[in-house]
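Here's the letter readout for the chains.
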Amino acid sequence: MRSAVFLITLLFMFPVMAEPPQGYPFQSFDDAMQQARTEGKPLFVYFGRYGCGYCEKTNKEAFSDKQVREAYSQHYVLAYVDAESGKRLRLPSGERVTEREVGTRYNAFVTPVFTFMTPEGEELLRLVGVQRIEDLREADIKVQGLMSKQGAS
Amino acid sequence: MKRISVWAGILLALSPLCIHAEPWAFDEPVAVTSTHGEKIFHHLESSGRRNIAISGDTVAVAWEDDRDGTPRIYLAHKRLDDEAFAGEIRISGPGEAYEPSLVALGDNRYALAWEEDAKIHLRLVTPDKLGPVIMLEAEEAMQSSLTRHDQGLLVAFSRRDGRYGLVSMQPIRVDGLALQPGSGCAVDPEPARAEQLYPAIVSLGDRIIVAWEDRRAGHTIIMASQSDNTKSCQFHGPQRVSDEIIDRTAVYGKGHGVARVALARYGDSKVLAAWADKRDFRAGYDIYSADYQPGKKQLFGTNVRVQDDFGGLAEQWHTTVAGDDSGRLVVAWDDRRDDNADIVLSWLEDGQWSDDFVVPGASGTGEQNHPTISLDSSGNLHLAWIQRKSVNGPTQVLYAFGRLINK
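Just so it is clear, the model here is predicted, and its values are computed rather than measured.

S.K.: Could you give an account of the overall build of chain B, with specific residues and numbers?
M.R.: When helices and strands are tallied, chain B shows 1 helix and 32 strands. Relative to the globule expectation of 22 Å for 407 residues, the C-alpha radius of gyration of chain B, 20 Å, shows essentially globular dimensions. Overall, the C-alpha framework of chain B stretches about 60 × 50 × 40 Å when taken along its three principal axes. Going through the 407 residues of chain B one by one, you find that 58% of them count as buried. The contacts of chain B with a sequence gap of at least 6 include a subset with a gap of at least 24, amounting to 50%.

The structure is reproduced here in structure tokens:
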């Protein structure tokens, strides 16, 4: 019984399908855009897809890091886009599009793609493919630096 | 993108000098709707990408836009020999409406199916008259695909069945401009174990074929099933259409992505399925196709890449396909090989896919995407697409007539 509970717990901790990593407050792209504008925080957009192996690898090997989780949860409004999904959302322009179309517009031609954006939706940095813990930490430092510069100017 | 240009140059140098003339000469594009401007967004989207059709001496285009703040369905038509579109008609009702699927019936009649407030709606229209709207009973239904069958219509769609989308089909009887839904069924006899989405449907008269996106394999694959009992709505068990690519070294994930299958009937009871396929994961989606093979164990045959080697270095989106009774077959998509999105065609030529052809008037500055195509009985190609100056800018719906010049 105990091992069954453990197995179920593991399944919930590491979902088989590529989804946003556990323990992060990911939300839909339009909700995240709105929150980013309200709070003046940069966006971190995760473009994934169902069954994406490189997403799963990045989730397990990089997003599982405690420091990464703390930094990304504090510094960014987090959005997850399933680049093959027909789920509809509203862009800041008012246009209603599917998540797949958001992936097309932001050129998520592979998955995962991670895009850091200003609250206005301007791209700051883009990471393509599998990321390691150090890649995510470096990107965070770089984007925070860019945001500080923008704030100072 | 410089990398792509270098590779393209190398490929050009290595490729044999084999130049085929394109079958169609395209007229200058014309606007389908005069209603456009800031904050108006048009979408040419439907499951199976059927947004243009030819009936009698008219061509019609159906789209969704939000000119009054709510996404609604509109249709514009023109006589084939007229230069401009006229007679723009609002098709949908008061709710939020999306993804109109359009087919031609005879006598300048058109049938449309669309999603409105999470239900599938249908109606017939002529240049002068609008038939009554019918609404199918299925709840949380979306992504409709329409086709002619016998003297009536068939509509395939995805409806929520508990946790998952379930692809279903329903026959629709046509009487003048009136429609009457018949009894439908699921296209997979087994209960859904995962999402079934974005169906496309064709009828061969004595057989009906439906293809769709399916997530039962742990990643998205294309599946199809066939009914050869068109009287009682029964389908055989579904089969996989998109190849299973096995990577024994892969530790994570279940497989590559595919998206948005389109079907077209051509020649004597032939059917082609075409879709976006990410098996070459470095270059994004490519266009792949497979032919229906009646009487064989596998419903669809070998997967074949449609776009040429130049296109293999860029990413492709929004696959659509059209065929005619003479066996002509053409696939269209949009393609970012030149940094911006252009409309590209490839056609079947001596049993092989032609070199890619970037459509003049639907390429160059700005973004040209979301193509939809139809062949008329003379083999002319009718093309509509979305034009925008920038990726998120306001849109226009444009149309170009491709006159058949090389048979």
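On we go.
S.K.: Outline the pairing of strand β21 (residues 258–266) of chain B, supporting the account with residue identities and numerical values.
M.R.: Residue and element names in this part refer to chain B. Taken across its 9 residues, β21 has 8 buried, putting it largely inside the fold. One ladder, built from 7 bridges, connects β21 with strand β22 (residues 270–277); its direction is antiparallel. Residue pairing across strands places L263 opposite A273, the latter belonging to β22.

S.K.: How would you sum up the state of the cysteines? Please name residues and give values.
M.R.: This structure, assessed with the given rule, holds 2 disulfides over all chains. Put simply, C52(A) and C55(A) are joined by a disulfide, and their sulfur atoms are 2.2 Å apart. Taking the sign of the torsion about the S-S bond as the criterion, the disulfide between C52(A) and C55(A), at about 85°, is right-handed. As far as the burial class goes, C52(A) and C55(A) line up, both buried. Here C185(B) connects covalently by a disulfide to C233(B), the sulfurs 2.0 Å from one another.

S.K.: Describe the sheet that holds strand β18 (residues 208–214) of chain B, naming the residues involved and giving the relevant values.
M.R.: Residue and element names in this part refer to chain B. Across the sheet, which stays open at both edges, the 4 strands sit in the order β17-β18-β19-β20 with antiparallel pairing between neighbours. Among the strands making up the open sheet, the edge pair consists of β17 (196–203) and β20 (239–240). Where strand β19 (residues 221–227) and β20 come together, 2 bridges link them in antiparallel fashion. Among the inter-strand pairings, M223 is bridged to a residue of β20, identified as R240.

S.K.: Now, about the sheet that holds strand β8 (residues 97–104) of chain B: what can you tell me, with residues and values included?
M.R.: Two modes of strand pairing occur in sheets, parallel and antiparallel, and in both the strands are linked by backbone hydrogen bonds. Pairing is antiparallel across the open sheet formed by 4 strands, whose spatial order is β8-β9-β10-β11 (chain B). Strands at the two margins of the open sheet, each flanked by one partner only, are β8 and β11 (134–135) of chain B.

S.K.: How would you sum up helix α3 (residues 53–61) of chain A? Please name residues and give values.
M.R.: The periodicity of an α-helix, 3.6 residues per turn, causes residues three or four positions apart to be oriented the same way. If you check which residues of α3(A) are buried, you get G53(A), C55(A), E56(A), T58(A) and N59(A). Tucked into the core, α3(A) has its buried residues touching β1 (43–48) and β5 (113–117) of chain A.

S.K.: I'd like to hear about the pattern of salt bridges, residue by residue, with values.
M.R.: Inspection of every chain in the model, using the stated rule, returns 33 salt bridges over all chains. Close ionic contact of R88(A) with E115(B) constitutes a salt bridge, the shortest N to O distance being 3.2 Å. Placement of R88(A) in strand β3 (residues 88–90) and of E115(B) in strand β9 (residues 110–116) is noted, with the two residues assigned to different chains. Between E101(A) and R105(A) there is a salt bridge whose closest N-O contact spans 3.4 Å. Taken as a pair, E101(A) and R105(A) lie in helix α5 (residues 99–105) at a separation of 4 residues, close to a single helical turn.

S.K.: Please provide a residue-by-residue account of the interface of chain A and chain B, values included.
M.R.: At the interface, 37 residues of chain A touch 39 residues of chain B. Counting the contacts that link chain A with chain B gives 5 salt bridges. Between R388(B) and E95(A) there is a salt bridge, and its shortest N-O distance comes to 3.1 Å. Counting every contact that joins chain A to chain B gives 20 residue pairs in polar contact (both at pLDDT 80 or more). Elements with a contribution of two residues or more to the side of chain A that touches chain B: α3, β3, β4 (96–98) and α5 of chain A. Take the side of chain A that touches chain B: its biggest share by element is 6 residues, from α3(A).

S.K.: Go over the packing of aromatic side chains with me, naming the residues and quoting the values.
M.R.: Applying the stated criterion across every chain, the model contains 26 aromatic pairs over all chains. Ring centres 5.8 Å apart and planes at 20° place the aromatic pair Y46(A) and F63(A) in the stacked group. Taken together, the positions of Y46(A) in strand β1 and F63(A) in the loop between α3 and α4 (66–75) put the pair 17 residues apart, joining distant regions of the chain. One exposure class covers both Y46(A) and F63(A), and it is buried. Taken together, the ring pairs in this structure connect Y24(A), F26(A), F44(A), Y46(A), F63(A), Y72(A), Y76(A), Y80(A), F114(A) and F116(A) into an aromatic cluster. Taking the ring centre of Y74(B) as reference, the NZ or CZ of R67(B) above it sits at 3.7 Å. Over the aromatic face of F85(B) sits the side chain of K78(B), whose NZ or CZ is 5.9 Å from the ring centroid.

S.K.: A description of the side chain of D356(B) should follow, citing residues and the corresponding values.
M.R.: Residue and element names in this part refer to chain B. Mapped onto the elements, D356 comes out in the loop between β28 (352–353) and β29 (357–358). A relative accessible area of 15% places D356 in the buried class. In this structure the side chain of D356 is engaged in a polar contact, spanning 2.6 Å, whose partner is the side chain of R337. When neighbours within four sequence positions are excluded, D356 is seen to be in contact with V306, Q307, D308, G311, W333, R337, V344, L345 and S346.

S.K.: Account for the nonpolar core, with residues named and values stated.
M.R.: Residue and element names in this part refer to chain A. F29, L43, V45, F47 and V102 are the most contacted members of the largest nonpolar core, which has 24 residues in total. Counting only elements with at least two residues in this core, the list comes to α2 (29–39), β1, β2 (77–82) and β5. If one sorts the elements of this core by residue count, α2 sits on top with 4 residues. Dropping the residues within four chain positions of it, V102 is found in contact with F29, F47, V81, L89, L91 and V97. Among the nonpolar cores identified, the runner-up in size contains 23 residues, and Y46, C55, V68 and Y80 belong to it.

Rules and cut-offs
- Residues numbered from 1 in each chain as written.
- Chains lettered and ligands numbered in written order.
- Predicted model: local features only at pLDDT ≥ 70, side-chain atom pairs only at ≥ 80, totals over all residues.
- Heavy atoms only, no water.
- Helix = DSSP H or I, 4+ residues; strand = E, 2+ residues; numbered from the N terminus.
- Rg over C-alpha atoms; globule rule 2.2 N^0.38 Å.
- Buried < 20%, exposed > 50% of the residue type's maximum accessible area, 1.4 Å probe, protein only.
- Contact = heavy atoms within 4.5 Å.
- Pairing = 2+ DSSP bridges.
- Disulfide = S-S within 2.5 Å.
- Salt bridge = Lys/Arg side-chain N within 4 Å of Asp/Glu carboxyl O.
- Polar contact = N/O pair within 3.5 Å; in protein donor to acceptor, adjacent residues only side chain to side chain.
- Phe/Tyr/Trp six-rings, centres within 6.5 Å; stacked < 30°, edge-to-face > 60°.
- Lys NZ or Arg CZ within 6 Å of the ring centre and 35° of its normal.
- Core = buried A, V, L, I, M, F, W, Y, C linked by side-chain atoms within 4.5 Å.

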